[in-house]
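Spelled out, the chains give:
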Amino acid sequence: VRGRTFLRLAVFAPFVLSEATAAVMWYELLQPGGPLDALLRALGLGGLIHYWLASTSLVLYSVFVVATWKYIGFGIVLLLAGLQGIPPELREAAAIDGASPWQVTRAITLPSLGPTIRIWIFLSVIGSFQLFDLVWIMTLGGPANASSTILTYQYTTASSARSSATAPRSRWSCSSSPSSSRWPTSATRCAATPPAP
Amino acid sequence: MSTASAWLPRRSPRRDVIRERRTWLSLPASYLVILLVLAITIAPMLYMIVGGFSSTAQLNANPNALPHPWVWSNYAAIATSSIFWQAVANSAVVAVVATGLAVTLGSMAAFALSRYTFRGREAFYLLFVAGLLFPLNTAALPLFLLLQQIGLNDNLFGVALPEAAFALPVTIVILRPFMRAIPGELEDAAIVDGATRIRFFLRILLPLSRPALITVGILAFVTSWNAYLLPLVVFSSQDHYTLPLAVANFQSTYTQDTARVYAFTAVSMIPALAIFIFAQRRLVGGLVGAIRG
């Protein structure tokens, strides 16, 4: 297959973006009436349109798809490295013994990839437990906590505990005057007075 | 042979003949799969870039039309805005300080842990390995309290120092085996020639470890460049925002001006993608190596 290097770059590119950038991007794409909805409508699949980020039953799956989009490139590269570690002789020997391509894949390639797949599952699980940036930017853990993760929960709990303990609540609202002791709550996510670009 | 194996470097033309015949996915079919994967990974990013050339009115009328006419003002506004350049500068300062510290301290620790024999060496090493299990994000809130006490809150160093500290485990875990593999005869020879251990470290070990140093350096740099939670907690004034923070903030500030948000998002991808293309081989190799090592 031609253009292998380019393909590899392309698949790995989402992994390199910061999670924040990816989150902002997908937040825009998934807006009601936004690009994705328009695309679905253009394809005649208008019936599939949902509130991707505003429905409590759907939001977690939206986050899941975005996280997969972001990290699958790394999984592919890992598997690639694993595939390159399988001596081609194994597959050739099986082929000579009359195994069909499907049998070769199932009996040789997949088992040899076992450790790589295990590591990838392991990393995905760990990474999912640490999910914050994506969720925070796209949904703030909402709606109604439907997409809150350990870290967003920690963050909201800490900031509300802190605001009730030390600071008058007004400080937290989207006030335009930043004070140094201000705990950065969702204030960073709500529009303060727009600074001149 | 799966589609993925179509990406393997070819070994020899003769072998290719055998492989090509043993595929259960025909060549056109694998091209189709590849195109599909490409569309899914690249399309959103391309959409952002092209969308940035539209005006918000155009986007509201039809989100999926090509810009007509192409508008440059969004990108021009960002290229001349202080928000973007300030954020890039902040990100760069934080990432450079964090990387410099992590590589300097990490190589020194890895040197001690690989070339000295002392009681409790393995225990120290395990301590660093255990650091891998403790990600920066989970520590962000306690760190915030600590930084507030030592007055580093809302300070670029308040982010750079913890990032360096949390980059140390990976650095050491990658560097130690590498330094260990450098033959002891080299050290003996250097010492016979009258070099001190420090001199051996600076003049021989470090130059020999360059590939590994570059790898850990890139890893630390990229991690720091992409960090969001710690900067979010530590920085309260917008002058200090790093690029990820600036992007998120820009998006929530200009919610209504979609085209401008697209343009800003597209532009903010450039540094990361540039680093990636520049360091592709090392980055991918380093990540995969770090996982398997």
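Residues numbered from 1 in each chain as written. Chains lettered and ligands numbered in written order. Predicted model: local features only at pLDDT ≥ 70, side-chain atom pairs only at ≥ 80, totals over all residues. Heavy atoms only, no water.

As for the overall build of chain A
Thinking step 1. For chain A, the count of helices and strands is 9 helices and 0 strands.
Thinking step 2. By the burial criterion, 46% of the 197 residues in chain A qualify as buried.
Thinking step 3. Long-range pairs, those at least 24 residues apart, make up 56% of the contacts in chain A between residues at least 6 apart in sequence.
Thinking step 4. Surface exposure of chain A reaches about 9500 Å², of which carbon and sulfur atoms provide 65%. (Helix = DSSP H or I, 4+ residues; strand = E, 2+ residues; numbered from the N terminus. Buried < 20%, exposed > 50% of the residue type's maximum accessible area, 1.4 Å probe, protein only. Contact = heavy atoms within 4.5 Å. Areas by Shrake-Rupley, 256 points an atom, 1.4 Å probe, with all protein chains shown as cover.)

What to know about the overall build of chain B
Thinking step 1. Across its full length, chain B holds 15 helices and 0 strands.
Thinking step 2. Across chain B, every contact between residues at least 6 apart in sequence was considered, and the portion connecting residues at least 24 apart equals 69%.
Thinking step 3. Taken as a whole, chain B presents about 14100 Å² of accessible surface, with 69% of it coming from carbon and sulfur.

Notes on the confidence of the model for chain A
Thinking step 1. Summing up the model confidence of chain A, the mean pLDDT is 77 and the portion of residues at 70 or higher is 81%.
Thinking step 2. In the predicted structure, residues 167–197 of chain A sits below a pLDDT of 50 and forms 68 contacts with residues beyond four places in sequence or in another chain. (pLDDT = per-residue confidence, 0-100.)

Quick word on helix α4 (residues 59–84) of chain A
An α-helical turn contains 3.6 residues, so any two residues separated by three or four positions project in the same direction.
Thinking step 1. Here α4(A) contains 26 residues, and its C-alpha end-to-end distance of 38 Å stays within 8% of the 38 Å for a straight helix at 1.5 Å per residue.
Thinking step 2. Along its length, α4(A) reaches its greatest deviation from straightness, about 45°, at A:Tyr71. (Expected span 1.5 Å × (residues − 1). Bend = angle between axes of the 7 residues up to and from the residue.)

Side note on the pattern of salt bridges
Residues and elements named next belong to chain B.
Thinking step 1. Tallying each qualifying case throughout the model produces 5 salt bridges over all chains.
Thinking step 2. The partner of arginine 197 in a salt bridge is glutamate 187, and the shortest N-O contact between them spans 3.7 Å. Taken together, the residues arginine 197 in helix α10 (residues 197–208) and glutamate 187 in helix α9 (residues 184–192) connect sequence positions 10 residues apart.
Thinking step 3. For glutamate 187, a relative accessible area of 8% puts it in the buried group.
Thinking step 4. Salt bridges sharing partners connect three or more residues here, namely Arg115, Glu187 and Arg197. (Salt bridge = Lys/Arg side-chain N within 4 Å of Asp/Glu carboxyl O.)

Some points on the packing of aromatic side chains
Thinking step 1. For the structure on display, the rule yields 25 aromatic pairs over all chains.
Thinking step 2. Between A:Phe132 and A:Trp136, the aromatic rings sit 5.5 Å apart at their centres with planes inclined by 15°, giving stacked as the arrangement. Accessibility assignment for this pair places A:Phe132 and A:Trp136 in one class, buried.
Thinking step 3. Considering the side-chain rings of B:Tyr47 and B:Tyr262, the 5.7 Å spacing of their centres and the 65° angle between planes classify their relative orientation as edge-to-face. Of this pair, B:Tyr47 sits in helix α2 (residues 27–51) while B:Tyr262 sits in helix α14 (residues 258–278), placing them 215 residues apart in sequence. Per residue, the accessibility class of B:Tyr47 equals that of B:Tyr262, and both read buried.
Thinking step 4. An aromatic cluster is built from A:Phe12, A:Phe15, A:Tyr71, A:Phe74, A:Trp120 and B:Phe276, whose rings are joined through pairwise contacts.
Thinking step 5. The ring of B:Tyr125 has B:Arg176 lying over it, and the distance from NZ or CZ to the ring centre is 3.9 Å. (Phe/Tyr/Trp six-rings, centres within 6.5 Å; stacked < 30°, edge-to-face > 60°. Lys NZ or Arg CZ within 6 Å of the ring centre and 35° of its normal.)

Some words on the packing of helix α6 (residues 121–131) of chain B against helix α8 (residues 156–180) of chain B
Residues and elements named next belong to chain B.
Thinking step 1. Contact geometry for α6 and α8: axes closest at 7 Å, N-to-C directions at 135°. In terms of their interaxial angle, α6 and α8 are classed as oblique. Listed contacts from α8 to Arg121, Glu122, Tyr125, Phe128, Val129 and Gly131 of α6 are Pro169, Ile172, Val173, Arg176 and Arg180.
Thinking step 2. Of the residues contributing to the contact of α6 with α8, the split by class is 6 nonpolar, 1 polar and 4 charged. (Axes fitted to C-alpha atoms, helices over the stretch in contact; angles between N-to-C directions. Parallel < 35°, antiparallel > 145°, perpendicular 65-115°, else oblique. Nonpolar A, V, L, I, M, F, W, Y, C, P; charged D, E, K, R; others polar.)

Describing unusual backbone geometry
Residues and elements named next belong to chain A.
Thinking step 1. Positive phi outside glycine occurs at leucine 140, with the angle close to 55°.
Thinking step 2. As for its placement among the helices and strands, leucine 140 is situated in the loop between α8 (133–139) and α9 (150–165).
Thinking step 3. Of note, the phi angle at asparagine 145 is positive, near 60°, even though the residue is not glycine.
Thinking step 4. Structurally, asparagine 145 is set in the loop between α8 and α9.

Concerning a nonpolar patch on the surface
Residue and element names in this part refer to chain A.
Thinking step 1. On the surface, Leu110, Ile117, Ile121, Val125, Phe129 and Ile150 cluster together to form a nonpolar patch covering roughly 550 Å² of accessible area.
Thinking step 2. Ranked by residue count, the leading element in the nonpolar patch is helix α7 (residues 114–129), at 4 residues.
Thinking step 3. Among the structural elements, leucine 110 can be located in helix α6 (residues 101–112). (Patch = residues over 30% accessible without salt bridge, like charges linked within 9 Å, V, L, I, M, F, W, Y side chains within 5 Å.)

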